[in-house]
Amino acid sequence: MPGTVETPLEKPAWFWLVLWCLFVLGVQPWSGRVAAPQGTTGSTNSVMKGLLLGAIFLIALAATKPGFRTRVNPTGTLYVVYVLFATATAFLLAEPMGPLTRLARFLIGLVLVFLLWRPLVQVPERLVRAHLWAHILLAITVVASLAYAPSQAWRPLSSLGNGYRLQGVIIPMLPPRVGEVGAILLGLAIIGYVCRKLSMLPAATLIGLGGILIAASRTRTSAAAIAFGLVLALLLTRKTWFGRLMTLGVPALLGVAFLMIGSLHTWLLRGQGTRQISSLSGRTTSWQAVLDEKVSVQTAIIGHGLGNKRVLLRRGEGDIDVMAIDNSWLGLYWETGLLAVLIVAVALILAWVAVLRAPTPYIKACGALLLGYVSAASLNESGLSDLSSMTVHLLVAAAICDADRIRHRSRQLVR
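Right, let's walk through the structure included here. As a convention, each chain's residues are numbered from 1 in the sequence order in which they are written. This being a predicted model, a pLDDT of at least 70 is required before a residue's local features are given, and a value of 80 or more before pairs of side-chain atoms are given or counted; all residues contribute to the totals for chains, interfaces and linings. Heavy atoms throughout the structure, all of them, feed into the side-chain values; hydrogens and water do not.

### Considering the nonpolar core
Trp 20, Phe 23, Tyr 79, Tyr 82, Ile 191 and Leu 384 are the most contacted members of the largest nonpolar core, which has 115 residues in total. By definition, residues are in contact when any of their heavy atoms lie within 4.5 Å. With sequence-adjacent residues up to four places away left out, Tyr 82 is seen in contact with Phe 106, Leu 306, Leu 332, Thr 336, Ala 340, Ile 343, Val 344 and Ser 385. Here, nonpolar core refers to any group of buried Ala, Val, Leu, Ile, Met, Phe, Trp, Tyr and Cys residues whose side-chain atoms link them within 4.5 Å. Between buried and exposed lies partly exposed: a residue is buried under 20% and exposed over 50% of the maximum accessible area for its type, with that area taken using a 1.4 Å probe on protein chains only.

### Thoughts on the pattern of salt bridges
Once their charged atoms are close, side chains differing in charge can pair, the charge on each being opposite to the other. Throughout this description, the term salt bridge denotes a Lys or Arg side-chain nitrogen within 4 Å of a carboxyl oxygen of Asp or Glu. Under the criterion given, the structure shown has 7 salt bridges. Put simply, Glu 335 and Arg 102 hold a salt bridge, and the shortest N to O gap is 3.8 Å. Linking Glu 335 in helix H16 (residues 328-357) with Arg 102 in helix H4 (residues 97-115), this pair joins segments that are 233 residues apart in sequence. Looking at Arg 102, the relative accessible area reads 10%, which means it is buried. Arg 102 is the salt-bridge partner of Asp 386, the closest N and O atoms lying 2.3 Å from each other. Residue Asp 386 is found in the loop between helix H17 (361-377) and helix H18 (389-414), and its partner Arg 102 is found in helix H4; the two are separated by 284 residues along the sequence. The residues Asp 386 and Arg 102 share a single accessibility class, namely buried. Working definition: helices are DSSP H or I runs of at least four residues, strands are E runs of at least two. Numbering for both runs from the N terminus.

### Regarding unusual backbone geometry
In this structure, Arg 196 is a non-glycine residue whose phi angle is positive, near 60°. Note on placement: Arg 196 falls in the loop between helix H8 (175-194) and helix H9 (200-217).

### Describing the packing of H16 against H17
To obtain an axis, a line is fitted to C-alpha atoms, over the contacting stretch when the element is a helix, and the angle between two such axes runs from 0 to 180 degrees between their N-to-C directions. Where H16 meets H17, the closest approach of the two axes is 9 Å, and the angle between their N-to-C directions is 155°. As far as their axial angle goes, H17 and H16 are roughly antiparallel. Here the hand of the crossing between H16 and H17 comes out left-handed. Residues Leu 348, Ala 351, Trp 352, Val 355 and Leu 356 of H16 lie in contact with H17, whose contacting residues are Lys 364, Gly 367, Ala 368, Leu 371, Gly 372 and Ser 375. Looking at side-chain class alone, the contact of H16 with H17 contains 7 nonpolar, 3 polar and 1 charged residues. The scheme is simple: roughly parallel for angles under 35 degrees, roughly antiparallel for over 145, roughly perpendicular for 65 to 115, oblique for anything else. Should the near helix be turned counterclockwise from the far one by less than a right angle, the crossing is left-handed, whereas a clockwise turn marks it as right-handed. Classes in brief: Ala, Val, Leu, Ile, Met, Phe, Trp, Tyr, Cys and Pro nonpolar; Asp, Glu, Lys and Arg charged; the others, Gly included, polar.

Listed below in C-alpha coordinates is the structure:
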(Lines give C-alpha, C1' and ligand atoms only; values in the text may rest on other atoms or scores of the structure.)
Protein backbone atom coordinates (compact mmCIF):
# COMPACT_ATOMS: atom_id res chain seq x y z
CA MET A 1 0.00 0.00 0.00
CA PRO A 2 1.18 3.60 -0.58
CA GLY A 3 3.29 4.93 2.26
CA THR A 4 4.05 1.55 3.77
CA VAL A 5 7.59 0.31 4.16
CA GLU A 6 8.34 -3.34 3.53
CA THR A 7 10.07 -4.71 6.62
CA PRO A 8 13.28 -6.53 5.85
CA LEU A 9 13.50 -10.29 6.14
CA GLU A 10 14.68 -11.56 9.51
CA LYS A 11 17.59 -13.36 7.79
CA PRO A 12 19.43 -12.65 4.53
CA ALA A 13 18.15 -14.24 1.32
CA TRP A 14 20.99 -16.76 1.14
CA PHE A 15 19.97 -18.18 4.54
CA TRP A 16 16.53 -19.18 3.28
CA LEU A 17 17.99 -20.45 0.00
CA VAL A 18 20.38 -22.76 1.88
CA LEU A 19 17.51 -23.93 4.08
CA TRP A 20 15.42 -24.82 1.04
CA CYS A 21 18.36 -26.64 -0.58
CA LEU A 22 18.77 -28.73 2.56
CA PHE A 23 15.03 -29.43 2.61
CA VAL A 24 15.07 -30.68 -1.00
CA LEU A 25 18.13 -32.78 -0.13
CA GLY A 26 16.21 -34.28 2.79
CA VAL A 27 13.27 -35.43 0.69
CA GLN A 28 15.40 -37.27 -1.88
CA PRO A 29 14.93 -41.06 -1.62
CA TRP A 30 18.42 -41.88 -0.39
CA SER A 31 18.97 -45.48 -1.32
CA GLY A 32 20.85 -48.06 0.68
CA ARG A 33 20.97 -50.22 -2.47
CA VAL A 34 23.30 -48.07 -4.56
CA ALA A 35 25.85 -50.88 -4.60
CA ALA A 36 23.20 -53.62 -4.68
CA PRO A 37 21.48 -55.30 -7.65
CA GLN A 38 19.24 -53.13 -9.79
CA GLY A 39 16.08 -51.79 -8.18
CA THR A 40 13.67 -48.93 -8.61
CA THR A 41 12.92 -47.52 -5.22
CA GLY A 42 15.09 -46.34 -2.38
CA SER A 43 14.65 -46.07 1.34
CA THR A 44 12.22 -43.40 2.45
CA ASN A 45 12.66 -44.01 6.16
CA SER A 46 16.26 -42.98 6.73
CA VAL A 47 17.12 -41.83 10.23
CA MET A 48 19.54 -39.30 8.78
CA LYS A 49 16.81 -37.77 6.64
CA GLY A 50 14.53 -37.54 9.64
CA LEU A 51 17.21 -35.82 11.70
CA LEU A 52 18.01 -33.44 8.82
CA LEU A 53 14.36 -32.50 8.34
CA GLY A 54 13.90 -31.99 12.09
CA ALA A 55 16.96 -29.74 12.24
CA ILE A 56 15.77 -27.69 9.25
CA PHE A 57 12.34 -27.26 10.85
CA LEU A 58 13.80 -26.12 14.17
CA ILE A 59 16.14 -23.65 12.44
CA ALA A 60 13.27 -22.22 10.37
CA LEU A 61 11.08 -21.97 13.46
CA ALA A 62 13.81 -20.21 15.44
CA ALA A 63 14.45 -17.77 12.56
CA THR A 64 10.76 -16.89 12.22
CA LYS A 65 9.47 -14.04 14.35
CA PRO A 66 6.37 -14.54 16.53
CA GLY A 67 3.17 -13.49 14.80
CA PHE A 68 4.57 -14.30 11.35
CA ARG A 69 2.27 -14.16 8.33
CA THR A 70 1.58 -17.25 6.25
CA ARG A 71 -0.89 -18.57 3.72
CA VAL A 72 -2.03 -22.14 3.24
CA ASN A 73 -3.09 -22.70 -0.37
CA PRO A 74 -5.87 -25.20 -1.20
CA THR A 75 -3.43 -27.89 -2.35
CA GLY A 76 -1.47 -27.64 0.90
CA THR A 77 -4.70 -27.79 2.89
CA LEU A 78 -5.77 -30.99 1.15
CA TYR A 79 -2.40 -32.59 1.80
CA VAL A 80 -2.81 -31.78 5.49
CA VAL A 81 -6.22 -33.51 5.29
CA TYR A 82 -4.52 -36.50 3.63
CA VAL A 83 -1.92 -36.72 6.41
CA LEU A 84 -4.62 -36.56 9.10
CA PHE A 85 -6.67 -39.24 7.31
CA ALA A 86 -3.65 -41.51 6.92
CA THR A 87 -2.79 -40.95 10.60
CA ALA A 88 -6.27 -42.09 11.65
CA THR A 89 -6.02 -45.24 9.53
CA ALA A 90 -2.51 -46.01 10.84
CA PHE A 91 -3.95 -46.72 14.30
CA LEU A 92 -5.89 -49.63 12.78
CA LEU A 93 -2.63 -51.39 11.88
CA ALA A 94 -0.95 -54.00 14.07
CA GLU A 95 2.31 -52.01 14.02
CA PRO A 96 1.46 -48.32 13.54
CA MET A 97 4.78 -46.75 14.59
CA GLY A 98 6.44 -46.98 11.16
CA PRO A 99 3.59 -45.27 9.28
CA LEU A 100 3.13 -42.71 12.07
CA THR A 101 6.82 -41.77 11.89
CA ARG A 102 6.56 -41.22 8.15
CA LEU A 103 3.38 -39.17 8.58
CA ALA A 104 5.02 -37.02 11.27
CA ARG A 105 7.87 -36.35 8.84
CA PHE A 106 5.32 -35.49 6.14
CA LEU A 107 3.47 -33.06 8.42
CA ILE A 108 6.71 -31.38 9.47
CA GLY A 109 7.55 -30.88 5.79
CA LEU A 110 4.15 -29.30 5.11
CA VAL A 111 4.44 -26.98 8.10
CA LEU A 112 7.95 -26.02 6.98
CA VAL A 113 6.56 -24.87 3.62
CA PHE A 114 3.98 -22.79 5.50
CA LEU A 115 6.73 -21.28 7.67
CA LEU A 116 8.64 -20.25 4.55
CA TRP A 117 5.71 -18.29 3.09
CA ARG A 118 7.09 -14.84 3.85
CA PRO A 119 10.81 -15.31 3.09
CA LEU A 120 10.43 -17.53 0.02
CA VAL A 121 6.91 -18.15 -1.26
CA GLN A 122 5.39 -14.66 -1.02
CA VAL A 123 7.65 -13.55 -3.87
CA PRO A 124 7.37 -16.71 -6.01
CA GLU A 125 10.50 -16.00 -8.07
CA ARG A 126 12.52 -16.56 -4.88
CA LEU A 127 11.14 -20.07 -4.43
CA VAL A 128 11.71 -20.93 -8.10
CA ARG A 129 15.31 -19.71 -7.77
CA ALA A 130 15.80 -21.72 -4.58
CA HIS A 131 14.34 -24.85 -6.22
CA LEU A 132 16.66 -24.41 -9.19
CA TRP A 133 19.69 -23.98 -6.92
CA ALA A 134 18.71 -27.08 -4.94
CA HIS A 135 18.79 -29.18 -8.12
CA ILE A 136 22.05 -27.59 -9.25
CA LEU A 137 23.66 -28.72 -5.99
CA LEU A 138 22.17 -32.22 -6.30
CA ALA A 139 23.50 -32.42 -9.86
CA ILE A 140 26.96 -31.36 -8.66
CA THR A 141 27.00 -34.18 -6.09
CA VAL A 142 26.17 -36.69 -8.84
CA VAL A 143 28.99 -35.38 -11.05
CA ALA A 144 31.35 -35.38 -8.06
CA SER A 145 30.45 -39.04 -7.47
CA LEU A 146 32.20 -39.88 -10.74
CA ALA A 147 35.47 -38.60 -9.28
CA TYR A 148 34.81 -39.90 -5.75
CA ALA A 149 33.81 -43.49 -6.61
CA PRO A 150 33.65 -44.07 -10.37
CA SER A 151 33.19 -47.82 -10.01
CA GLN A 152 30.06 -47.33 -7.90
CA ALA A 153 28.72 -44.38 -9.87
CA TRP A 154 28.03 -46.57 -12.91
CA ARG A 155 25.32 -49.16 -12.29
CA PRO A 156 25.06 -52.17 -14.64
CA LEU A 157 22.08 -51.68 -16.92
CA SER A 158 20.64 -55.18 -16.67
CA SER A 159 21.54 -58.81 -16.94
CA LEU A 160 20.14 -58.89 -20.50
CA GLY A 161 22.10 -56.10 -22.17
CA ASN A 162 25.36 -54.20 -22.05
CA GLY A 163 25.72 -50.71 -20.67
CA TYR A 164 25.58 -48.73 -17.45
CA ARG A 165 23.40 -46.12 -15.76
CA LEU A 166 24.71 -43.16 -13.76
CA GLN A 167 23.73 -43.02 -10.09
CA GLY A 168 24.63 -40.89 -7.10
CA VAL A 169 27.17 -42.12 -4.55
CA ILE A 170 27.99 -39.12 -2.35
CA ILE A 171 24.23 -38.76 -1.88
CA PRO A 172 22.97 -42.30 -2.60
CA MET A 173 20.49 -41.92 -5.47
CA LEU A 174 19.43 -44.62 -7.91
CA PRO A 175 19.41 -43.75 -11.65
CA PRO A 176 15.69 -42.76 -11.76
CA ARG A 177 16.35 -40.06 -9.16
CA VAL A 178 19.41 -38.83 -11.06
CA GLY A 179 17.24 -38.59 -14.14
CA GLU A 180 14.64 -36.60 -12.20
CA VAL A 181 17.26 -34.13 -10.95
CA GLY A 182 18.53 -33.66 -14.48
CA ALA A 183 15.01 -33.26 -15.86
CA ILE A 184 13.96 -30.56 -13.39
CA LEU A 185 17.28 -28.76 -13.88
CA LEU A 186 16.91 -28.84 -17.66
CA GLY A 187 13.25 -27.77 -17.59
CA LEU A 188 13.68 -24.83 -15.21
CA ALA A 189 16.76 -23.66 -17.14
CA ILE A 190 14.86 -23.69 -20.45
CA ILE A 191 11.93 -21.80 -18.93
CA GLY A 192 14.35 -19.34 -17.33
CA TYR A 193 16.05 -18.67 -20.65
CA VAL A 194 12.82 -18.36 -22.65
CA CYS A 195 11.39 -15.96 -20.05
CA ARG A 196 14.71 -14.02 -19.90
CA LYS A 197 15.45 -14.85 -16.29
CA LEU A 198 18.72 -16.55 -17.25
CA SER A 199 21.32 -15.36 -19.73
CA MET A 200 22.54 -17.64 -22.50
CA LEU A 201 25.75 -18.98 -20.89
CA PRO A 202 24.28 -20.04 -17.51
CA ALA A 203 21.18 -21.42 -19.22
CA ALA A 204 23.22 -23.42 -21.75
CA THR A 205 25.41 -24.80 -18.95
CA LEU A 206 22.43 -25.92 -16.88
CA ILE A 207 20.56 -27.31 -19.88
CA GLY A 208 23.67 -29.25 -20.90
CA LEU A 209 24.20 -30.60 -17.37
CA GLY A 210 20.55 -31.62 -17.05
CA GLY A 211 20.58 -33.31 -20.44
CA ILE A 212 23.76 -35.22 -19.58
CA LEU A 213 22.24 -36.51 -16.32
CA ILE A 214 19.10 -37.70 -18.14
CA ALA A 215 21.15 -39.37 -20.88
CA ALA A 216 23.74 -40.95 -18.54
CA SER A 217 21.09 -42.23 -16.12
CA ARG A 218 19.10 -43.59 -19.10
CA THR A 219 15.83 -42.68 -17.41
CA ARG A 220 13.00 -42.75 -19.93
CA THR A 221 10.33 -41.70 -17.45
CA SER A 222 12.12 -38.44 -16.60
CA ALA A 223 12.80 -37.67 -20.26
CA ALA A 224 9.16 -38.19 -21.25
CA ALA A 225 7.78 -36.38 -18.18
CA ILE A 226 9.92 -33.26 -18.61
CA ALA A 227 9.10 -33.15 -22.34
CA PHE A 228 5.41 -33.26 -21.41
CA GLY A 229 5.88 -30.55 -18.79
CA LEU A 230 7.78 -28.29 -21.20
CA VAL A 231 5.12 -28.63 -23.89
CA LEU A 232 2.39 -27.71 -21.42
CA ALA A 233 4.41 -24.80 -20.01
CA LEU A 234 5.08 -23.30 -23.42
CA LEU A 235 1.54 -23.92 -24.70
CA LEU A 236 0.06 -22.07 -21.72
CA THR A 237 2.37 -19.06 -22.14
CA ARG A 238 2.65 -18.68 -25.93
CA LYS A 239 0.35 -15.92 -27.15
CA THR A 240 0.53 -16.59 -30.91
CA TRP A 241 -0.65 -19.57 -32.94
CA PHE A 242 2.83 -19.84 -34.49
CA GLY A 243 4.39 -20.15 -31.04
CA ARG A 244 1.92 -22.85 -30.06
CA LEU A 245 2.49 -24.70 -33.33
CA MET A 246 6.26 -24.65 -32.76
CA THR A 247 5.70 -25.89 -29.21
CA LEU A 248 3.97 -28.98 -30.59
CA GLY A 249 6.15 -29.38 -33.67
CA VAL A 250 9.58 -29.49 -32.03
CA PRO A 251 8.77 -32.37 -29.60
CA ALA A 252 7.19 -34.28 -32.48
CA LEU A 253 10.41 -33.96 -34.50
CA LEU A 254 12.45 -35.07 -31.49
CA GLY A 255 10.19 -38.10 -31.10
CA VAL A 256 10.78 -39.06 -34.72
CA ALA A 257 14.54 -38.62 -34.18
CA PHE A 258 14.45 -41.05 -31.25
CA LEU A 259 12.86 -43.66 -33.48
CA MET A 260 15.02 -43.06 -36.58
CA ILE A 261 18.51 -42.30 -35.23
CA GLY A 262 20.25 -45.50 -34.21
CA SER A 263 22.06 -44.26 -31.09
CA LEU A 264 18.95 -42.56 -29.73
CA HIS A 265 16.88 -45.64 -30.48
CA THR A 266 19.39 -47.78 -28.60
CA TRP A 267 19.21 -45.38 -25.63
CA LEU A 268 15.42 -45.65 -25.66
CA LEU A 269 15.35 -49.46 -25.77
CA ARG A 270 18.08 -49.91 -23.10
CA GLY A 271 18.78 -53.43 -24.34
CA GLN A 272 15.25 -54.60 -23.56
CA GLY A 273 13.12 -56.81 -25.73
CA THR A 274 9.58 -56.26 -26.97
CA ARG A 275 8.09 -58.03 -23.96
CA GLN A 276 9.94 -55.85 -21.46
CA ILE A 277 9.12 -52.65 -23.34
CA SER A 278 5.41 -53.50 -23.59
CA SER A 279 5.27 -54.31 -19.86
CA LEU A 280 7.14 -51.07 -18.95
CA SER A 281 10.08 -53.00 -17.49
CA GLY A 282 7.71 -55.35 -15.67
CA ARG A 283 5.68 -52.63 -13.98
CA THR A 284 2.38 -53.72 -15.52
CA THR A 285 2.73 -57.08 -13.74
CA SER A 286 2.51 -55.47 -10.31
CA TRP A 287 -0.17 -53.03 -11.50
CA GLN A 288 -2.35 -55.89 -12.67
CA ALA A 289 -1.79 -57.67 -9.35
CA VAL A 290 -3.04 -54.58 -7.48
CA LEU A 291 -6.13 -54.34 -9.68
CA ASP A 292 -6.88 -58.08 -9.47
CA GLU A 293 -6.48 -58.29 -5.69
CA LYS A 294 -9.81 -59.05 -4.00
CA VAL A 295 -10.08 -56.86 -0.91
CA SER A 296 -12.77 -56.03 1.62
CA VAL A 297 -14.72 -52.78 1.43
CA GLN A 298 -12.78 -51.44 4.42
CA THR A 299 -9.41 -52.20 2.79
CA ALA A 300 -10.55 -50.62 -0.48
CA ILE A 301 -11.48 -47.42 1.38
CA ILE A 302 -8.53 -47.11 3.79
CA GLY A 303 -5.87 -49.32 2.15
CA HIS A 304 -3.36 -51.84 3.47
CA GLY A 305 -1.40 -49.31 5.52
CA LEU A 306 1.20 -46.67 4.71
CA GLY A 307 4.51 -48.24 3.77
CA ASN A 308 3.11 -51.20 1.83
CA LYS A 309 4.55 -50.15 -1.53
CA ARG A 310 5.09 -53.68 -2.82
CA VAL A 311 2.87 -56.56 -3.86
CA LEU A 312 3.50 -60.25 -3.26
CA LEU A 313 3.20 -62.26 -6.46
CA ARG A 314 2.91 -66.04 -6.49
CA ARG A 315 4.11 -67.62 -9.72
CA GLY A 316 3.57 -71.32 -9.42
CA GLU A 317 4.21 -73.64 -6.50
CA GLY A 318 6.66 -72.11 -4.09
CA ASP A 319 7.66 -69.35 -6.53
CA ILE A 320 7.19 -66.00 -4.76
CA ASP A 321 8.26 -62.60 -5.98
CA VAL A 322 7.92 -59.17 -4.38
CA MET A 323 7.55 -56.27 -6.81
CA ALA A 324 7.36 -52.52 -6.33
CA ILE A 325 4.12 -50.93 -7.51
CA ASP A 326 5.84 -47.91 -9.12
CA ASN A 327 2.66 -45.99 -9.83
CA SER A 328 1.69 -43.14 -7.51
CA TRP A 329 -2.05 -43.62 -7.93
CA LEU A 330 -2.10 -47.39 -7.55
CA GLY A 331 0.39 -46.97 -4.69
CA LEU A 332 -1.95 -44.50 -2.98
CA TYR A 333 -4.84 -46.92 -3.38
CA TRP A 334 -2.80 -49.86 -2.09
CA GLU A 335 -1.41 -47.98 0.89
CA THR A 336 -4.24 -45.67 2.00
CA GLY A 337 -7.27 -46.57 -0.11
CA LEU A 338 -9.70 -44.87 -2.44
CA LEU A 339 -10.33 -41.92 -0.11
CA ALA A 340 -6.64 -41.01 -0.22
CA VAL A 341 -6.66 -41.26 -4.02
CA LEU A 342 -9.61 -38.86 -4.10
CA ILE A 343 -7.96 -36.36 -1.72
CA VAL A 344 -4.65 -36.27 -3.61
CA ALA A 345 -6.38 -36.16 -7.01
CA VAL A 346 -8.40 -33.11 -5.93
CA ALA A 347 -5.19 -31.53 -4.59
CA LEU A 348 -3.55 -32.03 -8.00
CA ILE A 349 -6.59 -30.58 -9.79
CA LEU A 350 -6.57 -27.51 -7.53
CA ALA A 351 -2.86 -27.08 -8.21
CA TRP A 352 -3.60 -27.05 -11.96
CA VAL A 353 -6.34 -24.47 -11.36
CA ALA A 354 -3.77 -22.31 -9.55
CA VAL A 355 -1.41 -22.66 -12.53
CA LEU A 356 -4.09 -21.63 -15.00
CA ARG A 357 -4.94 -18.57 -12.87
CA ALA A 358 -1.34 -17.41 -12.39
CA PRO A 359 -1.00 -14.00 -14.14
CA THR A 360 2.80 -13.90 -14.57
CA PRO A 361 3.97 -15.94 -17.62
CA TYR A 362 7.24 -17.01 -15.97
CA ILE A 363 5.54 -18.30 -12.83
CA LYS A 364 2.77 -19.96 -14.84
CA ALA A 365 5.37 -21.68 -17.02
CA CYS A 366 7.36 -22.92 -14.01
CA GLY A 367 4.19 -24.18 -12.32
CA ALA A 368 3.02 -25.94 -15.49
CA LEU A 369 6.46 -27.49 -15.98
CA LEU A 370 6.56 -28.94 -12.45
CA LEU A 371 2.94 -30.10 -12.49
CA GLY A 372 3.30 -31.54 -15.99
CA TYR A 373 6.32 -33.50 -14.78
CA VAL A 374 4.45 -34.78 -11.72
CA SER A 375 1.32 -35.67 -13.71
CA ALA A 376 3.32 -37.75 -16.21
CA ALA A 377 5.90 -39.27 -13.85
CA SER A 378 3.27 -40.27 -11.28
CA LEU A 379 2.00 -42.89 -13.75
CA ASN A 380 5.35 -44.69 -13.72
CA GLU A 381 6.87 -43.78 -10.34
CA SER A 382 5.69 -43.77 -6.73
CA GLY A 383 5.90 -40.75 -4.43
CA LEU A 384 2.65 -38.86 -3.98
CA SER A 385 1.82 -40.72 -0.76
CA ASP A 386 5.04 -39.52 0.92
CA LEU A 387 7.07 -36.40 1.53
CA SER A 388 8.98 -37.16 -1.66
CA SER A 389 10.67 -35.07 -4.33
CA MET A 390 7.57 -35.52 -6.50
CA THR A 391 5.28 -34.22 -3.76
CA VAL A 392 7.58 -31.22 -3.23
CA HIS A 393 7.36 -30.36 -6.95
CA LEU A 394 3.57 -30.41 -6.62
CA LEU A 395 3.59 -28.23 -3.51
CA VAL A 396 6.05 -25.76 -5.07
CA ALA A 397 3.95 -25.39 -8.23
CA ALA A 398 0.77 -24.80 -6.24
CA ALA A 399 2.47 -22.37 -3.83
CA ILE A 400 4.17 -20.16 -6.42
CA CYS A 401 1.07 -19.87 -8.62
CA ASP A 402 -1.20 -19.13 -5.66
CA ALA A 403 1.26 -16.51 -4.38
CA ASP A 404 1.54 -14.98 -7.84
CA ARG A 405 -2.23 -14.53 -8.05
CA ILE A 406 -2.36 -13.00 -4.55
CA ARG A 407 0.46 -10.60 -5.44
CA HIS A 408 -1.26 -9.55 -8.67
CA ARG A 409 -4.55 -8.96 -6.87
CA SER A 410 -2.79 -6.82 -4.23
CA ARG A 411 -1.17 -4.67 -6.90
CA GLN A 412 -4.51 -4.12 -8.58
CA LEU A 413 -6.05 -2.99 -5.28
CA VAL A 414 -3.20 -0.53 -4.79
CA ARG A 415 -3.83 0.96 -8.23
